[in-house]
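Below, each chain spelled out in residue letters.
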Amino acid sequence: MGPDPAYHTDSPEYEPKHREVYHDHNDCPDGKRIEKRHRKDGKGGKERCKECIRLG
Ligand SMILES: [Zn+2]
């Protein structure tokens, strides 16, 4: 299975380090902290999450 569609959050409820990255794995531990209602589609012009890079 390849990466999942990119998602990110701009919600101020999260720490900056969690707002400055996008995820492309649904099972990313950091990505999973983003509640569904706070998730936005796409990369949002952000850096790729380090955990997602490690997941491949
Ligand atoms: Zn991630």
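Anything mentioned here points back to the structure above.
Residues numbered from 1 in each chain as written. Predicted model: local features only at pLDDT ≥ 70, side-chain atom pairs only at ≥ 80, totals over all residues. Heavy atoms only, no water.

### Quick notes on the overall build of the protein chain
Here's step 1: Scanning the protein chain from N- to C-terminus turns up two helices and four strands.
Here's step 2: Secondary structure elements in the protein chain, listed N-terminal to C-terminal, are β-α-β-β-β-α.
Here's step 3: Rg of the C-alpha trace for the protein chain: 10 Å, near the compact-globule value of 10 Å for 56 residues, within the 12% margin.
Here's step 4: A principal-axis box enclosing the C-alpha atoms of the protein chain has dimensions of 30 × 20 × 20 Å.
Here's step 5: In the protein chain, buried positions account for 38% of the 56 residues.
Here's step 6: Partitioning the contacts of the protein chain with sequence separation of at least 6, the portion at a separation of at least 24 is 56%.
Here's step 7: Of the roughly 4,000 Å² of accessible surface on the protein chain, 48% is carried by carbon and sulfur atoms. (Helix = DSSP H or I, 4+ residues; strand = E, 2+ residues; numbered from the N terminus. Rg over C-alpha atoms; globule rule 2.2 N^0.38 Å. Buried < 20%, exposed > 50% of the residue type's maximum accessible area, 1.4 Å probe, protein only. Contact = heavy atoms within 4.5 Å. Areas by Shrake-Rupley, 256 points an atom, 1.4 Å probe, with all protein chains shown as cover.)

### As for the packing of aromatic side chains
Here's step 1: Taken as a whole and assessed by the stated rule, the structure comprises zero aromatic pairs.
Here's step 2: The ring of Tyr 7 has Arg 39 lying over it, and the distance from NZ or CZ to the ring centre is 3.6 Å. (Phe/Tyr/Trp six-rings, centres within 6.5 Å; stacked < 30°, edge-to-face > 60°. Lys NZ or Arg CZ within 6 Å of the ring centre and 35° of its normal.)

### Some details on the environment of Arg 37
Here's step 1: Summarising the element assignment, Arg 37 is placed in the loop between strand 2 (21-22) and strand 3 (40-41).
Here's step 2: Overall, Arg 37 belongs to the exposed group, its relative accessible area being 62%.
Here's step 3: Along the sequence, Arg 37 and Lys 17 sit 20 residues apart, while their C-alpha atoms lie 19 Å from each other.
Here's step 4: Within the structure, Arg 37 has its side chain in polar contact with the side chain of Glu 35 (distance 2.9 Å). (Polar contact = N/O pair within 3.5 Å; in protein donor to acceptor, adjacent residues only side chain to side chain.)

### A closer look at the nonpolar core
Here's step 1: Counting residues in each nonpolar core, the largest one holds seven residues, listed as Tyr 7, Tyr 14, Val 21, Cys 28, Ile 34, Cys 49 and Cys 52.
Here's step 2: Not counting the four nearest positions on each side in its chain, Tyr 14 is found in contact with Thr 9, Arg 19, Arg 33, Ile 34, Glu 35 and His 38. (Core = buried A, V, L, I, M, F, W, Y, C linked by side-chain atoms within 4.5 Å.)

Distances and angles like these do not, on their own, reveal function.
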